[in-house]
Amino acid sequence: MLSMKKQEKQQTSNKSPFIKITAILCAVLTSVSLASCSRGETKLYEKDDALSQSIAYSAADNKTPTDSLRIGWSQSSSLNPFFVTANLNYDAMCLMYQSLYKTDSAYIPYEQIAKSSAFKDPQNLTVELNSSIHFSDSSPLTASDVVYSFNQAKNSDIYSQQLKNIDSVTSSGTYTLNVKLNTADKFIKNVLTFPIVKSGTASSKDSIPVGSGMYKYSSDSKLVCNPSYSGSKPSVGTVELYPVSESATLALALESGNIDCVFDDLSSGSYLKVAASNVGVNLNNLVYLGMNSSSSALSLPQVRQAVNFAVNRVDIVSDCYSGFASNAYTVFNPKWSEYFNSGYDESELALNYDSASAMLKSAGYPQCNLTLIVNEDNTFRSLAADKIKESLKNVNINVTVSKLTWSEYTQALSDGNYDLYLGEMKFSDNMDLSALFTTYGVASSSPSAAAYQQYKNSQITMRDFLNIFNSDIPLAPICYRQGVFIYSRNISGRLDCTYGNIFKNLDEWSVTETKSETNAEE
């Protein structure tokens, strides 16, 4: 718990496409990014429900087809996937490198380099590789390359957290791997998404490793088609890397046509100031309302349940995230297929002021006063806190919102000087929620913590765990955030973007460029 809290303190309070991504990919983000746009305000862009998953757009008039896509990149960051420190460069990695597996928007794993896999026992997974895959230099991709890549990833700031439960990856044949786990995890394939590079080519941050993706790096700051790529040939022959140095320049580059698209995870607490089309991208980031179990009122589960019932998640998602989030009535990501297919009934967990008031009365608190602390560093966060205050007032819970600097905020958490706080955690795609039950405010004796371990060990079902959690409510889930893929009208086709694989179906895109006035007249 102490090491995790230390990690929380090290998180930056604001991020941009140019700030180190280690904080973004870390398991715990107590510095919450809560976005807000009040009703009636002009938004820089609004979510279109029709664009929420994949979209179809027709090319505008006065356009001509081109086989070149332009994206931003940071020259100060590496193009080595294990040393990359800028979001822009991280997003481009999926163009050059494949993984054993990737996950789709419902967090279902699908094969890239892997051909098949099977558990020998709960802690050992055998993976067979697709022997037809070659690197861009035409050399075969073998198990030894995966072992090398795993060791690079395991020691990197970017991938070490998601690989923490993997003890080792070893080869047992030219195209056969054994993945040894520290503890059983039936969803371990979901984190075998680290880039696979040719052995010996990724030793330093200045090196650009050899990969097997759709593209390979060209010396003139371009990505060109990989002739050895095993998948469908993309219609885009060249990806041009346009240097961008700061967020303001990024917006200008998009509007002026120097780049065609960019992904924003919205973690900075602000939107890019650009008029463009967009599509939401699911993130595995839970925004939650932490509760101090040592607080007099919140030590009682009835009071915590009342707070949970009185939070208006629908308003928070629509007003504070402009729809770029999903209501979370349980701790599991509502987009996760395993949870969605469980059929868990969320109706009894929805906003209910009457139930909240009844629970407060039964606990001997027909009225109570609570302090909610929040990091003031961005507008999203501050307005979301105000929205919670407004919601809880309906059940006579009077909330004082204390907007603190980052250092003040983390100090208050460490000192236990709060009743409520806004927090956020980013989980790995194997949906390991363990860190949630050792975070600030959660009692070490929490029934939910014990129940979660039983669930992980397959001793109780997901439904059993959630029933215990919803009676205990050590914290209140609010929503799972989304990021946004922003693109110009030069891009058309079906866009299927997932975090870590923004250009997932680039082979289905069409890119055009605006004709000059002279050419248009001709």
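Residues numbered from 1 in each chain as written. Predicted model: local features only at pLDDT ≥ 70, side-chain atom pairs only at ≥ 80, totals over all residues. Heavy atoms only, no water.

## Overview of the pattern of salt bridges
- Summed over the entire model, instances satisfying the criterion amount to 11 salt bridges.
- Across the pair Asp-137 and Lys-198 runs a salt bridge, and its minimum N-O distance is 2.5 Å. A residue pair is termed long-range when its members are at least 10 positions apart, and Asp-137 in the loop between β7 (124-129) and α4 (143-154) and Lys-198 in the loop between β9 (176-181) and β10 (215-218) qualify at 61 residues.
- By relative accessible area, which is 37% here, Asp-137 ends up partly exposed.
- On the accessibility criterion, Lys-198 (25% relative accessible area) is partly exposed.
- A salt bridge links Arg-481 to Glu-424, with the nearest nitrogen and oxygen atoms 3.0 Å apart. A residue pair is termed long-range when its members are at least 10 positions apart, and Arg-481 in strand β19 (residues 475-487) and Glu-424 in strand β18 (residues 420-426) qualify at 57 residues.
- Using a relative accessible area of 1% as the deciding quantity, one classes Glu-424 as buried.
- Taken together, the shared-partner salt bridges in this structure form one network comprising Arg-494, Asp-496, Lys-504 and Glu-508. (Salt bridge = Lys/Arg side-chain N within 4 Å of Asp/Glu carboxyl O. Helix = DSSP H or I, 4+ residues; strand = E, 2+ residues; numbered from the N terminus. Buried < 20%, exposed > 50% of the residue type's maximum accessible area, 1.4 Å probe, protein only.)

## Points about the nonpolar core
- With 78 residues, the main nonpolar core has Leu-289, Phe-332 and Phe-465 as its most contacted residues.
- In this view, Leu-289 contacts Val-307, Val-311, Leu-372, Ile-388, Leu-420, Tyr-421, Leu-422, Leu-475, Ala-476 and Ile-478; residues no more than four positions away in its chain are not counted.
- Formed by 66 residues, the second largest nonpolar core is a distinct cluster that contains Trp-73, Ala-143, Val-239 and Phe-485. (Core = buried A, V, L, I, M, F, W, Y, C linked by side-chain atoms within 4.5 Å. Contact = heavy atoms within 4.5 Å.)

## Topic: the confidence of the model for the chain
- Per-residue confidence for the chain gives a mean pLDDT of 86, with 86% of residues at or over 70.
- A low-confidence stretch, residues 1-60 stays under pLDDT 50, and its non-local contacts, those more than four residues away or across chains, total 195 contacts.
- A low-confidence stretch, residues 516-522 (pLDDT under 50), is modelled with two contacts involving residues beyond four sequence positions or located in other chains. (pLDDT = per-residue confidence, 0-100.)

## Here we look at helix α13 (residues 462-472)
- Within α13, burial applies to Met-462, Phe-465, Leu-466, Phe-469, Asn-470 and Asp-472. The buried side chains of α13 occupy one side of the element, clustering within an arc of 160° when seen end-on.
- Looking at the buried side of α13, the elements it contacts are α6 (301-310), α8 (337-340), α12 (447-456) and β19.
- Positioned one or two residues after α13, Ile-473 has a phi angle of 45°, which is positive. (Arc of directions from axis to C-beta.)

## Description of the pairing of strand β16 (residues 368-375)
- Counting buried residues along β16, six of its eight residues qualify, which places the element largely inside the surrounding structure.
- One ladder, built from eight bridges, connects β16 with strand β17 (residues 397-404); its direction is parallel. When the sheet's bridge partners are listed, Cys-368 is paired in β17 with Ile-397.
- The parallel pair β16 and β17 is bridged by helix α10 (residues 379-392), and the resulting crossover is right-handed.
- Across two bridges, β16 lies against β18 in parallel orientation. (Pairing = 2+ DSSP bridges. Right-handed = clockwise from strand over helix to strand, strands pointing away.)

## With respect to empty space enclosed by the protein
- Using the criterion set out here, one finds six cavities of 30 Å³ or more in the structure.
- Of the volumes computed, that of the largest cavity is approximately 500 Å³.
- Taken together, 33 residues make up the lining of the largest cavity; nearest its centre are Tyr-90, Gln-162, Thr-193, Asp-429 and Tyr-499.
- At the level of elements, α3 (87-96), β4 (101-103) and β14 (277-291) are the ones that each hand at least two residues to the lining of the largest cavity.
- In terms of residue class, the lining of the largest cavity is made up of 17 nonpolar, 12 polar and four charged. (1 Å grid on protein atoms, 1.4 Å probe; cavity = no way out; pocket = protein on both sides within 12 Å on 5 of 7 lines; lining within 4 Å. Points joined across faces, edges and corners; volume = space filled by probe spheres on them. Nonpolar A, V, L, I, M, F, W, Y, C, P; charged D, E, K, R; others polar.)

## Section: the environment of Gly-423
- Positionally, Gly-423 belongs in strand β18.
- Along the chain, Gly-423 and Asn-375 lie 48 residues apart, while their C-alpha atoms are 9.4 Å from each other.

## Quick word on the layout of surface pockets
- Estimated volume of the largest pocket: approximately 480 Å³.
- Taken together, 22 residues form the lining of the largest pocket, with Asp-185, Lys-186, Phe-187, Tyr-455 and Lys-456 sitting closest to its centre.
- Looking at the lining of the largest pocket, the element that brings in the most residues is α12, giving three residues.
- Here the lining of the largest pocket is built from residues that sort into nine nonpolar, seven polar and six charged.

## A closer look at unusual backbone geometry
- Unusually for a residue other than glycine, Ser-322 sits at a positive phi of about 50°.
- The phi torsion at Met-431 lies on the positive side, around 60°, for a residue other than glycine.
- Inspection of the secondary structure puts Met-431 in the loop between β18 and α12.
- Residue classification places Met-431 among the buried positions, given a relative accessible area of 4%.

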